[in-house]
Amino acid sequence: MNRKRITVLTGAGVSAESGISTFRDSNGLWENYSVEDVASIGGWYRNPALMLDFYNMRRKELASAKPNAAHVAIAGLEKEYDVTVVTQNVDNLHERAGSTRIIHLHGELTKVRPEDRYNDRDGFSEESVFDIGYSEIHLGDLAPDGAQLRPHIVWFGEAVPKIEAAIDAVERADIMLIVGTSLQVYPAAGLYRYAKNNTPIYIIDPKDVPVADSRITHIRNVATKGMETFKNILNSK
Ligand code: OAD
């Protein structure tokens, strides 16, 4: 039997009910930190210690966070559908909830790699990436090749190496689900446009969404409740 394909695009809102701050809501991370300082390649060149501290804090916060019912419901879709999760989140809550096919567009908090001043903006070698779990990294922590370790995060000013795989997943989707993203950051924000003409697109978000497209149904609720509505819609088809 051919299973239907669901491609899910998630943002910070899916992890909000796990206690992880979003970026652009009131009291979000960008209200308290400058994006330039902690999330751009220029910030890394100016003050790497500040950036390492920022991601050490994020890792510590993640260690005590747990997947919520929305992560679990997204993982549960795999019982009946062929699911790919494309996430802008750098946390590992989709993995911990049981999702098996996950594309991390903006990198992963629990991974690091050696910095490479000549190539970081354009990419890196996958073989140089490794897991550090929830531990800290500091200036002077070096990779086997002698280079400073840096977070495996896509910063503003850097390429998004996984975008082709994400486009492919959206193009192949029979149903697209978008959860908890303000759709402000490209290229992720434009991904839904690659969905086929007859692919319905469901967006779960308690706030207005900045996109208008006849394929879109807005489920105006938080992720955990919105996933219940989404599952009811799937069951009614
Ligand atoms: P944002 O903070 O921009 O948007 C979060 C979205 O989640 C908003 O639309 C909220 O209304 C919604 N939201 C809040 N609470 C929610 C809940 N309980 N359930 C469902 N939705 C909820 O976060 P992103 O769109 O993920 O990139 O931000 C995109 C990128 O901007 C991030 O990956 C990060 C940031 O700069 C990098 O750092 C490279």
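Note that this is a predicted model, so its numbers are computed, not measured.

Each value, and the rule that gives it
- Residues numbered from 1 in each chain as written.
- Predicted model: local features only at pLDDT ≥ 70, side-chain atom pairs only at ≥ 80, totals over all residues.
- Heavy atoms only, no water.
- Helix = DSSP H or I, 4+ residues; strand = E, 2+ residues; numbered from the N terminus.
- Rg over C-alpha atoms; globule rule 2.2 N^0.38 Å.
- Buried < 20%, exposed > 50% of the residue type's maximum accessible area, 1.4 Å probe, protein only.
- Contact = heavy atoms within 4.5 Å.
- Lys, Arg positive; Asp, Glu negative; His and termini not counted.
- Charge placed at Lys NZ, Arg CZ, Asp CG, Glu CD.
- Axes fitted to C-alpha atoms, helices over the stretch in contact; angles between N-to-C directions.
- Parallel < 35°, antiparallel > 145°, perpendicular 65-115°, else oblique.
- Left-handed = near helix turned anticlockwise from the far one by under 90°.
- Nonpolar A, V, L, I, M, F, W, Y, C, P; charged D, E, K, R; others polar.
- Core = buried A, V, L, I, M, F, W, Y, C linked by side-chain atoms within 4.5 Å.
- Polar contact = N/O pair within 3.5 Å; in protein donor to acceptor, adjacent residues only side chain to side chain.
- Pairing = 2+ DSSP bridges.
- Phe/Tyr/Trp six-rings, centres within 6.5 Å; stacked < 30°, edge-to-face > 60°.

Draft legend 1. Fine view of the overall build of the chain. Along the chain, the regular secondary structure elements total nine helices and nine strands. Scaling as 2.2 N^0.38, a compact globule of 237 residues should have a C-alpha radius of gyration of about 18 Å, and the chain matches this with 18 Å. Once the C-alpha set of the chain is aligned to its principal axes, its extents read approximately 55 × 35 × 30 Å. Counting over 237 residues, the chain shows a buried share of 51%. A fraction of 64% describes how many contacts in the chain between residues 6 or more apart in sequence connect residues 24 or more apart. Charge separation in the chain, taken as the distance between the mean sites of 27 positive and 32 negative side-chain charges, equals 6 Å.

Draft legend 2. Local environment of the packing of helix 6 (residues 69-76) against helix 9 (residues 223-235). Where helix 6 meets helix 9, the closest approach of the two axes is 7 Å, and the angle between their N-to-C directions is 30°. Judged by the angle between their axes, helix 6 and helix 9 are roughly parallel. The chirality of how helix 6 crosses helix 9 is left-handed. Side by side, helix 6 and helix 9 meet where Ala 69, Ala 70, Ala 73 and Ile 74 of the first sit next to Ala 223, Thr 224, Met 227 and Lys 231 of the second. Across the contact of helix 6 with helix 9, the residue classes tally to six nonpolar, one polar and one charged.

Draft legend 3. Fine view of the nonpolar core. Grouped together as the largest cluster of nonpolar side chains are 24 residues, with contacts concentrated most on Val 86, Leu 105, Leu 191, Ile 201 and Ile 203. Listing elements by their share of this core, those giving two or more residues are helix 8 (163-171), strand 7 (175-179) and strand 8 (201-204). Sequence-distant contacts of Leu 191, defined by excluding residues within four places in its chain, comprise Leu 9, Val 86, Leu 105, Ile 163, Ala 166, Ile 167 and Val 170. Counting residues in hydrophobic clusters, the runner-up holds 22 residues, among them Trp 30, Val 38, Leu 52 and Ile 132.

Draft legend 4. Fine view of the side chain of Glu 115. Within the fold, Glu 115 resides in the loop between strand 4 (107-114) and strand 5 (130-131). Polar side-chain contacts of Glu 115 include one of 2.7 Å to the side chain of Trp 44.

Draft legend 5. A look at the sheet that holds strand 1 (residues 5-10). One open sheet holds the six strands; their spatial order is 3-2-1-7-8-9, and the pairing between them is parallel. The sheet is open, and its two edges are formed by strand 3 (102-104) and strand 9 (216-219), each paired on a single side. Here the strands of the sheet are splayed against their neighbours by 15° on average, with no regard to which way each runs. Here five bridges tie strand 1 to strand 7, and the two strands are oriented parallel to one another. Bridge assignment links Val 8 to a residue of strand 7, and that residue is Leu 177.

Draft legend 6. Main features of the side chain of Asn 92. If you trace the backbone, Asn 92 turns up in the loop between strand 2 (82-87) and helix 7 (93-97). Looking at Asn 92, its side chain comes within polar contact range of the side chain of Tyr 134, at 3.0 Å. Among residues more than four places away in sequence, those in contact with Asn 92 are Leu 62, Thr 110 and Tyr 134.

Draft legend 7. Here's a closer look at the pairing of strand 8. Side-chain alternation along strand 8 places Ile 201 and Ile 203 on one buried face and Tyr 202 and Ile 204 on a second face that is also buried. Summarising the sheet, strand 7 and strand 8 pair through four bridges and their orientation is parallel. Opposite Leu 177, over in strand 8, you have Tyr 202 as the bridge partner. Where strand 8 and strand 9 come together, four bridges link them in parallel fashion. Note on strand 9: the bridge partner recorded for Ile 203 is His 218.

Draft legend 8. Region of interest: the sheet that holds strand 4. In space, the three strands of this open sheet follow the order 5-4-6, with antiparallel pairing throughout. Single-partner strands in this sheet number two, and they are strand 5 and strand 6 (149-153). Summarising the sheet, strand 4 and strand 6 pair through five bridges and their orientation is antiparallel. Paired with Glu 108 across the two strands is His 152, which belongs to strand 6.

Draft legend 9. Spatial organisation of the packing of aromatic side chains. Under the counting rule described, the total for this entry stands at seven aromatic pairs. Their ring planes at 70° and their centres at 4.8 Å tell us that Tyr 33 and Phe 54 sit as a pair that is edge-to-face. In this pair, Tyr 33 is assigned in the loop between helix 2 (29-32) and helix 3 (35-38) and Phe 54 in helix 5 (residues 48-63), connecting sequence segments 21 residues apart. In this structure Tyr 33 comes out as partly exposed when scored by relative accessible area, which is 29%. Ring plane angle 45° and centroid distance 6.1 Å describe the contact between Tyr 55 and Trp 155, whose orientation is recorded as tilted. Of this pair, Tyr 55 sits in helix 5 while Trp 155 sits in the loop between strand 6 and helix 8, and the two are 100 residues apart along the sequence. When sorted by exposure, Tyr 55 lands in the same class as Trp 155, which is buried. A network of ring pairs unites the aromatic residues Phe 23, Trp 30, Tyr 33, Trp 44, Phe 54, Tyr 55 and Trp 155 as a single cluster.

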